[in-house]
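Working through the structure, step by step
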Amino acid sequence: MSDDPLHEAVEVLRALGLYVELTGDDLSLWLVNGEEMTDAGLMKLTALIGLVPGSATIQ
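Keep in mind that what you see is a predicted model, and the values were worked out from it rather than measured. (Residues numbered from 1 in each chain as written. Predicted model: local features only at pLDDT ≥ 70, side-chain atom pairs only at ≥ 80, totals over all residues. Heavy atoms only, no water.)

A word on helix α1 (residues 5-15). Taken residue by residue, α1 has Leu6, Ala9, Val10, Val12 and Leu13 as its buried positions. Angularly, the buried residues of α1 cover 165° about the axis, an arc narrow enough to put them on a single face. In this structure, the buried side of α1 is in contact with β1 (20-22), β2 (29-32) and α2 (39-48). Looking one or two places after α1, you find Gly17, whose phi comes out positive at around 95°. (Buried < 20%, exposed > 50% of the residue type's maximum accessible area, 1.4 Å probe, protein only. Helix = DSSP H or I, 4+ residues; strand = E, 2+ residues; numbered from the N terminus. Arc of directions from axis to C-beta. Contact = heavy atoms within 4.5 Å.)

Below, the structure written as structure tokens:
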């Protein structure tokens with residue numbers, strides 16, 4: 001695993017079989033199974049489904 005929480009979240013999602021890739025030149029936009037999301041959205045997704053520790057107040 002990595003010391004970078006974002007990189008770790010990407011690795012976990014990929015290990016679950018999800019398609020996770022950067023959308024192009026913008027290094028803060030991701031494509032997750034056809035849905036575009038920001039770095040924050042990616043972290044929220046992994047925290048909400050319990051894959052990485054996150055705040056109980058994620059909105």
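The next thing to look at is the pairing of β2. Pairing of β1 with β2, which is carried by three bridges, proceeds in the antiparallel orientation. In the strand pairing of β2, Val20 is matched with Val32. The hairpin formed by β1 and β2 contains six residues between the paired strands, and Gly24 there has a positive phi angle of roughly 155°. Judged from the four bridges that link them, β2 and strand β3 (residues 35-38) form a sheet pairing that is antiparallel. Pairing of Leu31 across the sheet is with Glu36, part of β3. From the end of β2 to the start of β3, which pair antiparallel, there are two residues, and Asn33 there has a positive phi angle of about 50°. (Pairing = 2+ DSSP bridges.)

Let us now look at the pattern of salt bridges. Tallied over the full model, the rule gives one salt bridge. The salt bridge partner of Arg14 is Glu21, with a shortest N-O separation of 3.4 Å. Accessibility expressed as a relative area gives 33% for Glu21, which makes it partly exposed. (Salt bridge = Lys/Arg side-chain N within 4 Å of Asp/Glu carboxyl O.)

Considered for burial, the residues of α2 that qualify are Leu42, Thr46 and Ala47. Looking straight down α2, one finds that the buried residues subtend no more than 130° of arc, so they occupy a single side. As for α2, its buried residues are in contact with α1, β1, β2 and β3. Backbone geometry just downstream of α2 places Gly50 in the positive-phi region, at approximately 80°.

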